[in-house]
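# Observations on chain architecture
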Amino acid sequence: MAFLPERARVDELFKGLWITFKSMFEKPVTVQYPEVKRPVRTRFRGRHVLNRYENGLEKCIGCSLCAAACPADAIFVESSENTDDERYSPGERYASTYEINMLRCIYCGYCEDACPTEAIVLEDNYELSFTDRFEAIYTKERLLLPVPEEGKPTPQEVPPGIFTRSVPVMADPTD
Amino acid sequence: MTNEVTLTIDGKQVTVPEGTLVVDAAKKIGIDIPVFCYHPKMEPVGMCRMCLVDIGRPVRDRDSGEIVLEEDGSPKIQFGWKLDTACTVPVSEGMVVEGMTEKVQQGRQEIVELLLTSHPLDCPICDKGGECPLQNLTMAHGPGESRFIYDDKINFEKNVPLGDLIWLDRERCIQCARCIRFQEEIVDDAVLEFFNRGRATDIITNSEPGFDSYWSGNTTDICPVGALTTADFRFSARPWELKNAASICSHCPVGCNMTYNTRREAKSGGDIVIKRAMPLQNEWVNELWICDKGRFAYHFSDSEARLTQPLIRKDGKLTPTSWEEALALVADQFKNAGEGLLTLVSGRLPNEDLFNLRKLTEGLGGKSGLHSYMAGGDLVAQVGLGAGSNLADLGEGDAIVVIACDLEEEAPVWWLRVKAAAERGAKLIVANPRPTKLERYATEIIRYAYGEEVEAVERVAPLSEADNLVVFFGSEGIGLETSEALAQACANLVAELGRVGQPNNGLVGVWPRANTQGAWDIGFRPGFDLAEAKVVYIAGADPVGDDPALAETIMQADFVVVQELFLTETAELADVVLPAQAQTEREGTFTSGERRVQRFYPVVQPRGEARPDFDIAAQIGAKVGLALKGRFPSLVNPELCAETPGYEGLTYQRLAEVSDQWPIVGRGDLYYGGTGYENKQGLGVQLAPSGGYKVSKVSRQDIEKPDGEVIAVPITLLYDRGGMISPSEVLHPRLPEPFILVNPQDSKLLKTTDGMVVGISINDGETSNVVVWEDERIPAGTALVPRSMGVAINRPSTFEIRIAEAAAA
């Protein structure tokens, strides 16, 4: 009976087929991207956003420390002075230009670490695709979060004497 | 000679002259003792206590006076029981200084902790952040943690404008008094002072307008924290983002070395722009300082009003055209003009440009002229300062004469250095018809009437006793003719002493422009006849703006070409206007009033289609069949140096040579000498005077002065309303309204009152509005009219006050 497979071989064949058969009734591990998206981990580093305070003022004070920390030289910041008639951030200074070149960015998160006001945060968005290189440069408008419900858009007109500090007072500067 | 003293600092031996402070002795051997209040250019005060060191001295036996030895034979050292401040203790023989011991480290830590008790955490937005001595020294010597409670920080007022140019942040101030001491000791404008005591100590300005000084910007350089910042640079970049390029200030004949900090800017459409001007150390020229005009009046280069395209007159209107068309037309006209060509330049142009313009003019057989209200550059070339001169070397036994010149207004840094020389004991003779600030330091004041400048020089007592003699002559109250006579009289004064060519001896012209001396050296002379010219070629000068009466004369010419940065009043009359590059956009050399040739470098990209003047001349040359070097100034320079007397042997390489300078400044040492820049780009070369001057009697031309009438005389101000300063908006609040100064007596005679706005017409010319300010110090019979302030005046003139017209206007 030399034409018949050996007994052991047949066993293994069915073992394999059994696994296949079994998995047909298991819950699939793949998701139907892009219709279905898997949640990212809490420390995931996706595209940056620029945060706002609840009153709508921008957290960014235009200090350029993110740009200094950036190993890929992806960030460009230019700052200007706040006035009470045209206030963008609580301090003296705000970023009048804020650009991140997402083609250069290596998503290391150093900018986040360097930020003294927790203005720049690498969020969950990883869906970055561009049809030209200029589109990869995210401007301040694209990075800023929308104005919170109870807030007002920037620039705001505020009464004098409220924002007297150079940088907004932080709860725990030792952190 | 001073005695030398040997001491040991941190185990290293150093020998320094007696009287040297421990902190300086340490710096000389590369040991950094941290300082905040100490500055090597100022007297020590020991206010901040940061420079604590442990100082030990050899013990001497009380009876014999012998040094007591240890058992091993080394001298026994007695250390003090408290730490000393290294900035107030002079060195002594055998001294042992310890700066690294735990005791010292702990002392410094506590000082830093104390300084930071109420220092805000503004570093992220502070303009000083990144080049801040407090930041750096806290990192190096700070405790890392504070025992003080953060919430206990006292908040003071922030953003206090001390003046129009300088902002004060009271919280950041550590009360080192560097700014106050600078204003008092170095520039003698004691406009800053401390107010209140203890924690409430505050810097205030006691002048009206606030911080009324030509030197205010320097206080921001030496401020060891971000308490003083300039309005110009405010928040525009972080220091580490800036690139720097060395340059030479283009505003006055001192030739201060500067660094322009640049950055690519989105606001300016992605162009590289100048963000600030900082001093560059050159102990032979400007030491560590620059005046506010040099620091803030660079905005002419980025002005929107700059010409960017060649213009050509079509149907009576200037219309943009191509370089090709403009140059072809110019070359055509020049070829036909021949002898009828007149090339007119000013001292604003660099040497290379002047050289090419002269070669072009000579090649075509034309004439050339220098637009200047001062003469005597040829004499300065003969009897100017000897090579190797340094005003900082002048002191006891030396003499300085300053005549017809308000030195602080005309050449501020020379004022500062002459003042310092007088303080070191130099004899200072100031001759001027009215009091000037320099007179505070004069050993002798000569007061003369306007028009008697030459007599005033003759009244200077014989100076044969003096070891060295430097004579400055300016343009106070004189026109071109008198200037020539005055220069000759001054040259006689220098030559009579017989030390022409020796260092620290010679004549210095306080010229109206940065390179007027270079223009003279290259062969341009004032005293040309505009009326004879058929074709006028004007580069870097605005004769019509200075004297509207010249408009008609210029219009008589068949063809006028103007090469300029802006559409000046002269350019508006031109047939062709060629856009030139600003000094910040190209390379070149300037020759200062001390005849130091210095090199400047390109800082920003050229504006529009603007081309450098030397290249335009070369391109015109190519079209008329003259082979001139163009493209790069470094190609022109060798020819220039070969053909210009006195410039032989100069090369760009030699101009770029540097040597060690004291005090040490620069990035790693900014806590010590301030944020000014270390000179790595060249100190320049001082030319030797040619000599050969023979003392001769001065032919004098007195001004005509009808009896009983008041004469208008021109004076020069630092802040005028000229085309190079007015594009800088930051300075606008500091620029005075057009005014004239008269004696109260004369004011009565003219039927004016103090502060009255009147129309003034010089020599029956156009009427312009000015404010009349009465001043008792003005000699009776004269009205002082500032140059470049909207009133055309170039020599003592008759004038008329038109009260009615001013009211109408």
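In this report, the structure presented in the accompanying data block is examined.

About the thresholds
Residues numbered from 1 in each chain as written. Chains lettered and ligands numbered in written order. Predicted model: local features only at pLDDT ≥ 70, side-chain atom pairs only at ≥ 80, totals over all residues. Heavy atoms only, no water. Helix = DSSP H or I, 4+ residues; strand = E, 2+ residues; numbered from the N terminus. Rg over C-alpha atoms; globule rule 2.2 N^0.38 Å. Buried < 20%, exposed > 50% of the residue type's maximum accessible area, 1.4 Å probe, protein only. Contact = heavy atoms within 4.5 Å. Areas by Shrake-Rupley, 256 points an atom, 1.4 Å probe, with all protein chains shown as cover. Lys, Arg positive; Asp, Glu negative; His and termini not counted. Charge placed at Lys NZ, Arg CZ, Asp CG, Glu CD. Pairing = 2+ DSSP bridges. Phe/Tyr/Trp six-rings, centres within 6.5 Å; stacked < 30°, edge-to-face > 60°. Axes fitted to C-alpha atoms, helices over the stretch in contact; angles between N-to-C directions. Core = buried A, V, L, I, M, F, W, Y, C linked by side-chain atoms within 4.5 Å. Patch = residues over 30% accessible without salt bridge, like charges linked within 9 Å, V, L, I, M, F, W, Y side chains within 5 Å. Salt bridge = Lys/Arg side-chain N within 4 Å of Asp/Glu carboxyl O. Buried area = accessible area lost by both parts, 1.4 Å probe. Polar contact = N/O pair within 3.5 Å; in protein donor to acceptor, adjacent residues only side chain to side chain.

## Let's talk about the overall build of chain A
- Scanning chain A from N- to C-terminus turns up four helices and five strands.
- Each helix and strand of chain A, placed in order from N terminus to C terminus, yields the pattern α-β-α-β-β-α-β-β-α.
- Expected size for 175 residues packed as a compact globule is a radius of gyration near 16 Å; at 26 Å, chain A overshoots this value by more than 25%.
- The C-alpha extent of chain A, read off along each of the three principal axes, is 100 × 35 × 35 Å.

## Some remarks on the overall build of chain B
- Regarding its fold elements, chain B presents 23 helices and 35 strands.
- Its C-alpha atoms give chain B a radius of gyration of 29 Å, near enough to 28 Å, the size a compact globule of 809 residues would have.
- For chain B, the C-alpha atoms occupy an extent of roughly 95 × 60 × 60 Å along the three principal directions.
- Counting over 809 residues, chain B shows a buried share of 61%.
- Contacts in chain B between residues far apart in sequence, at least 24 positions, make up 73% of those at least 6 positions apart.
- When the accessible surface of chain B is totalled, it reaches about 31000 Å², and 48% of it is carbon and sulfur.
- Charge-centre separation for chain B: the mean point of 78 positive side chains lies 3 Å from the mean point of 117 negative side chains.

## A look at the sheet that holds strand β28 (residues 596-600) of chain B
All names here are of chain B.
- One open sheet holds the three strands; their spatial order is β27-β28-β29, and the pairing between them is antiparallel. This sheet does not close on itself; its edge strands, each paired only once, are β27 (588-591) and β29 (685-686).
- As judged from the two bridges shared by β28 and β29, these two strands associate in the antiparallel manner. Its bridge partner lying in β29, Val 597 is registered against Val 685.

## Looking at the packing of aromatic side chains
- Throughout the structure, instances matching the rule amount to 16 aromatic pairs over all chains.
- Ring centres of Tyr 88 of chain A and Tyr 94 of chain A lie 4.0 Å apart, and the angle between their planes is 15°; this geometry places the pair in the stacked category. Residues Tyr 88 of chain A and Tyr 94 of chain A agree in their burial class; the two are buried.
- Aromatic side chains Trp 414 of chain B and Phe 472 of chain B sit 5.5 Å apart centroid to centroid with 55° between the ring planes, which places their arrangement in the tilted category.

## Side note on the sheet that holds strand β14 (residues 271-279) of chain B
Residues and elements named next belong to chain B.
- Across the sheet, which stays open at both edges, the three strands sit in the order β12-β13-β14 with antiparallel pairing between neighbours. The open sheet has two edge strands with one neighbour each: β12 (243-248) and β14. Across the sheet, the mean angle from the axis of one strand to that of its neighbour is 35°, orientation sign disregarded.

## What to know about the pairing of strand β13 (residues 257-265) of chain B
All names here are of chain B.
- The buried fraction of β13 amounts to eight of the nine residues, a majority that puts the element mostly inside the structure.
- Summarising the sheet, β12 and β13 pair through six bridges and their orientation is antiparallel. Looking at β13, one finds that Ser 247 is bridged to Met 258.
- The loop that links β13 with its antiparallel partner β14 comprises five residues; one of these, Gly 269, has a positive phi angle of about 70°.

## Focus: the nonpolar core
Residues and elements named next belong to chain B.
- By size, the foremost hydrophobic cluster in this structure holds 114 residues, and its most contacted members are Leu 407 and Phe 472.
- With residues up to four places along the chain from it excluded, the contact list for Leu 407 reads Val 402, Pro 412, Trp 414, Trp 415, Val 418, Leu 438, Phe 472 and Val 510.
- Core analysis: the next-biggest nonpolar cluster, separate from the first, contains 75 residues, Val 460, Val 494, Leu 497 and Leu 507 among them.

## Topic: unusual backbone geometry
All names here are of chain B.
- Here the residue pair Glu 208 and Pro 209 is connected by a cis peptide bond, since its omega of 0° sits within 30 degrees of zero.
- Inspection of the secondary structure assignment puts Pro 209 in the loop between β10 (202-205) and α5 (216-222).
- Omega for the peptide link from Trp 662 to Pro 663 comes to 0°, which places this bond in the cis form.
- At Glu 287, a residue that is not glycine, the phi angle is positive and equals roughly 50°.
- Turning to its location among the elements, Glu 287 is positioned in the loop between β14 and α6 (292-296).

## What to know about the pairing of strand β1 (residues 4-9) of chain B
Residue and element names in this part refer to chain B.
- In this sheet, strand β2 (residues 12-17) lies alongside β1 in antiparallel orientation, the contact comprising six bridges. The partner of Ile 9 across the bridge, within β2, is Lys 12.
- Between β1 and β2, which pair antiparallel and follow one another directly, the connecting turn spans two residues, one of which, Asp 10, has a positive phi of 50°.
- Pairing between β1 and strand β6 (residues 96-98): two bridges, direction parallel. If you follow Ile 9 over to β6, its bridge partner there is Val 97.

## Quick notes on a nonpolar patch on the surface
- Taken together, the side chains of Val 31, Tyr 33, Val 36, Phe 44 and Tyr 126 of chain A make up a nonpolar region of the molecular surface, amounting to roughly 400 Å² of accessible area.
- Assignment of secondary structure puts Tyr 126 of chain A in the loop between β4 (120-122) and β5 (137-138).

## Section: the interface of chain A and chain B
- The interface is formed by 21 residues belonging to chain A together with 24 residues belonging to chain B.
- Roughly 1900 Å² of surface becomes buried between chain A and chain B when both sides are summed, with 52% attributable to carbon and sulfur atoms.
- Where chain A packs against chain B, one counts four salt bridges.
- Note that Arg 165 of chain A and Glu 171 of chain B form a salt bridge whose closest N and O atoms lie 2.6 Å from each other.
- Put simply, chain A and chain B have 16 residue pairs in polar contact (both at pLDDT 80 or more) between them.

Read these as spatial facts, not as claims about activity.
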